[in-house]
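# Breakdown of the fold
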Amino acid sequence: MARIPIDIKSGSLASVAPNETIVGIDLGTTHSLIAYLDAQTRKPVCLAEHGQRTLVPSIVYFTDEGAIQVGDPARLHLIDAPERTIYSVKRLMGKSFREVQPLESYFGYRLSAQEGSELVRIRVGDRYYTPIELSAFILQELKSRAERILNRPVRKAVITVPAYFNDAQRQATRDAGKLAGLEVLRIINEPTAAALAYGLDKNPDDEIIAVYDLGGGTFDISLLRISNGIFEVLATHGDTFLGGDDFDRALVDFWLSRSADKQEYHNNRRLMQELRLKAEEVKIFLSSHEHYQGSFHGLDLTVSRADFEQETRHLIERTLHGVQLALRDAGLKPNQIHHVVLVGGATRMPMVKKAVTDFFGRLPHDQLNPDEVVALGAAIQADVLAGNQKDILLLDVTPLSLGIETLGELMDVLIPRNSRIPTAASRIYTTSRDGQTQLRISVYQGERDLVKDNRKLAEFILKNIPPMPAGLPKVEITFTLNADGILQVRARELRSGMEQAIEVKPQYGLTSEQIEQMLADSLAHAREDLAQRTLRETITEAQQLITSTEKFLVAAKDLLSEQEIQTITHMVKQLRSALDDSDADRIRILMQELNEYASPFAEQLMNQTLKAALEIKKTP
Ligand code: AMP
């Protein structure tokens, strides 16, 4: 059975041992942080090793010997080894190569669309990494940092993502967590986390919150509604290439505009880079001083805060324009906002605070460190999930994921583990063969990607589907898990109304040790599971291509020469034999070759069929 993706919504709450530490992680574009809730003070704290910063640069460096460094040590290599120093990987999460190709010049490293899918890969030497793997390196570093400081194992986390992240980007973030050996209990929105850090969920009334987030390289505005402790995103806007860096560049331009030897700087990349770093320093200085005086290689760097503000006013205007668009989308006026929250290091600039205050007509929340506020909120959410916040009711949850088998013997999860019960989810599937009148529905429980590694709960057959070409029937499968933990699975073909249902008790016969073991296995096998899933999906795609090509060979036999038929037949044969070797790369290449060779003919055939159809229409 093949899957037609639709969104499912379901809340999730964890069942964990009391007092277990669950961390909150802000996995950022430029910096990442890890936080936890201190049991004594009951306050969230960002973790830093002695004498170091809480911020970990989201940068991964691969040494010549193939070792991996993350954070500050990696940052040192941005200039001397740009092709092996990977930054901004968050911008690539869940993206296809085609989507990010126009940005290639922004990255100092190589991108490609290799192996098994359309998704983008990063090339380092002769190896390819996915954004998920690179994010996992950063998460691993944060995890071990927390373990060193807290001196206990850390296995569970809440991770934040931007409110505008789609399902693929959220799933990629989850996968990165799993690969790093973390069980991701929840993915929450960054603005929601920031609001939690300020305790804005505690107010009894319905309120609207604006979160203004100006980081190093990105700007986001989110409008949230909070009612009864539940956050809803009303609108988001932003600019993925507008942040503190632009203020640094504006300052550099200002200095150079007064200098006679600007060309010298423009011709020297390293000097320019150093000047930019100097500009960042001066920008930060001007947040607490009115005037800066100094020079750099003979260049006069004297600048007043007023000059700086004048030179960067247009950048602030751009952010306010984004705020206006978000308000328009939500149908709100500035005076309807109850709280404004500042996030991101660049909001420390006094002019940002002033502009935001003037715009909304109220003072923003800015008492917490704007770099840390998202991670702090994530730690609060983590603590709620750990069951430590007594004023929050913990509901019953399902301890293991529930799903069905799809093409390639893969597990397709409908109700993720930790979903609060009662809950329901449905998704639409279709047939994989022409004229298929039956669909076997196998229900599984577990966290592994291949169904054979999970526990089979039930199986039934939906019969009497009207014969149609593959992919046309729409079979809606609904899982309903009631408060007693009984699962009802219902399958319904939407065109014919054919329907069938069964009931199972998922937890029946499972001890809590067995459940723990199933969870531990899924973490231990995360990497190979991911590889297996990719391979299976590639094989399924290749099988579909073989079937459609064979159909095409029959339909297009008058269009093709003997030579062309032989070539296509040979390519299909090669592809089929590659399937037996389970080599995802080779299957990909052969599929691409076959597609490239056959698609012009397929187009011709389609045009002919279309023309013939139009001819018939014309004759009365
Ligand atoms: P983030 O990505 O949220 O850590 O934001 C980092 C950005 O904030 C960088 O562009 C920093 O230069 C900037 N930043 C940090 N502290 C200050 C400050 N005191 N004044 C102005 N900008 C700052």
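Residues numbered from 1 in each chain as written. Predicted model: local features only at pLDDT ≥ 70, side-chain atom pairs only at ≥ 80, totals over all residues. Heavy atoms only, no water.

### Considering the packing of helix H14 (residues 526-555) against helix H15 (residues 562-581)
Quick note on the threshold: Only the contacting stretch of a helix is used when fitting its axis, a line to C-alpha atoms as for every element, and angles between N-to-C directions run 0 to 180 degrees. Strands are runs of DSSP state E lasting at least two residues, helices are runs of H or I lasting at least four, and both sets are numbered from the N terminus onward. An angle below 35 degrees is treated as roughly parallel, one above 145 as roughly antiparallel, one from 65 to 115 as roughly perpendicular, and anything else as oblique. Left-handed describes a crossing whose near helix is turned anticlockwise from the far helix by less than a right angle; the clockwise case is right-handed. Contact definition: two residues touch when any of their heavy atoms are within 4.5 Å.
Relative orientation of the contacting elements H14 and H15 amounts to 155°, with a least axis distance of 10 Å. With respect to their mutual orientation, H14 and H15 come out roughly antiparallel. Taken as a pair, H14 and H15 cross one another with a handedness that is left-handed. On the side of H14, the interface is formed by Ile539, Ala542, Gln543, Leu545, Ile546, Thr549, Glu550, Phe552 and Leu553, while H15 contributes Ile565, Ile568, Thr569, Val572, Leu575, Arg576 and Leu579.

### Thoughts on the pattern of salt bridges
Under the convention used in this document: We count a salt bridge whenever a side-chain nitrogen from Lys or Arg sits within 4 Å of a carboxyl oxygen from Asp or Glu. Accessibility here uses a 1.4 Å probe with only protein chains present; expressed as a share of the type maximum, an area under 20% marks a residue as buried, one over 50% as exposed, and anything in between as partly exposed.
Applying the stated criterion across every chain, the model contains 37 salt bridges. Between Arg53 and Asp72 there is a salt bridge whose closest N-O contact spans 3.3 Å. Remark: Asp72 occurs in helix H1 (residues 72-75) and Arg53 occurs in the loop between strand S4 (44-46) and strand S5 (56-57); sequence separation between them is 19 residues. A relative accessible area of 35% means that Arg53 is categorised as partly exposed. When the shortest N-O distance is used, the salt bridge between Glu190 and Lys90 registers 2.7 Å. With Glu190 in helix H6 (residues 190-197) and Lys90 in the loop between strand S8 (85-86) and helix H3 (97-100), the pair connects residues that are 100 residues apart, well separated along the chain. Take Glu190 and Lys90: they sit in the same class, and that class is buried. One salt-bridge network, in which partners are shared between bridges, spans Arg448, Lys452, Asp453 and Asp529.

### A look at the domain arrangement of the protein
The following threshold applies: Each domain's extent is set by a domain assignment, obtained either automatically or from a database.
Entries for the protein in the domain assignment read domain 1 (17-198 + 371-385), domain 2 (244-311), domain 3 (402-513) and domain 4 (527-618). Domain 2 and domain 3 are separated by 61 Å when their C-alpha centres are compared.

### Topic: the side chain of Ser442
This is how it is decided: Contacts described as polar in this section are N or O atom pairs within 3.5 Å, which, within protein, must combine one atom able to donate a hydrogen with one able to accept it, while residues neighboring in sequence count only if both atoms come from side chains.
Checked against the element boundaries, Ser442 lands in strand S25 (residues 439-445). Ser442 gets classed as buried once you look at its relative accessible area, which sits at 1%. A polar side-chain atom of Ser442 sits 3.2 Å from a polar atom in the side chain of Arg440. Side chain to side chain, Ser442 and Glu459 meet in a polar contact 3.0 Å long. Not counting the four nearest positions on each side in its chain, Ser442 is found in contact with Gly403, Ile404, Glu405, Lys456, Ala458 and Glu459.

### A closer look at the sheet that holds strand S9 (residues 110-112)
The strands that make up a sheet pair up through hydrogen bonds in the backbone, lying either parallel or antiparallel. Put simply, the rule is: Any two strands with at least two DSSP-identified bridges between them are counted as paired.
Reading across from one edge, S9-S10-S11 is the order of the three strands in this open sheet, with antiparallel pairing throughout. Each edge of the sheet is formed by a strand with only one pairing partner; in this case those strands are S9 and strand S11 (127-129). Ignoring which end each strand starts from, the neighbouring axes of this sheet average 40° apart. Bridge count between strand S10 (residues 121-124) and S11: three bridges; the pairing is antiparallel. Following the sheet pairing, Val124 is matched in S11 by Arg127.

### Focus: the packing of helix H7 (residues 244-257) against helix H10 (residues 305-330)
Rules: Ten residues, namely Ala, Val, Leu, Ile, Met, Phe, Trp, Tyr, Cys and Pro, are considered nonpolar, four, namely Asp, Glu, Lys and Arg, are considered charged, and the remaining ones, Gly among them, are considered polar.
Put simply, H7 and H10 touch, their axes get as near as 10 Å, and they point 135° apart. Relative to H10, the element H7 is oriented oblique. Considering the relative orientation of H7 and H10, their crossing is right-handed. Across the interface between the two elements, Asp246, Phe247, Ala250, Leu251 and Phe254 of H7 pack against Asp307, Phe308, Glu311, Thr312, Leu315 and Ile316 of H10. Class assignment for the residues of the contact of H7 with H10 results in seven nonpolar, one polar and three charged.

### Observations concerning a negative patch on the surface
Definition in use: Patches in this entry comprise residues that are over 30% relatively accessible and not in a salt bridge; like charges within 9 Å are linked, as are nonpolar side chains (Val, Leu, Ile, Met, Phe, Trp, Tyr) within 5 Å. Where accessible areas are quoted, they stem from the Shrake-Rupley method and a 1.4 Å probe; at the residue level, only the protein chains shown are allowed to cover. Counting rule applied: Lys, Arg positive; Asp, Glu negative; His and chain ends not counted. Note that the charge is assigned to NZ on lysines, CZ on arginines, CG on aspartates and CD on glutamates.
On the surface, Asp580, Asp581, Asp583 and Asp585 cluster together to form a negatively charged patch. Its relative accessible area of 32% is what places Asp585 among the partly exposed residues.

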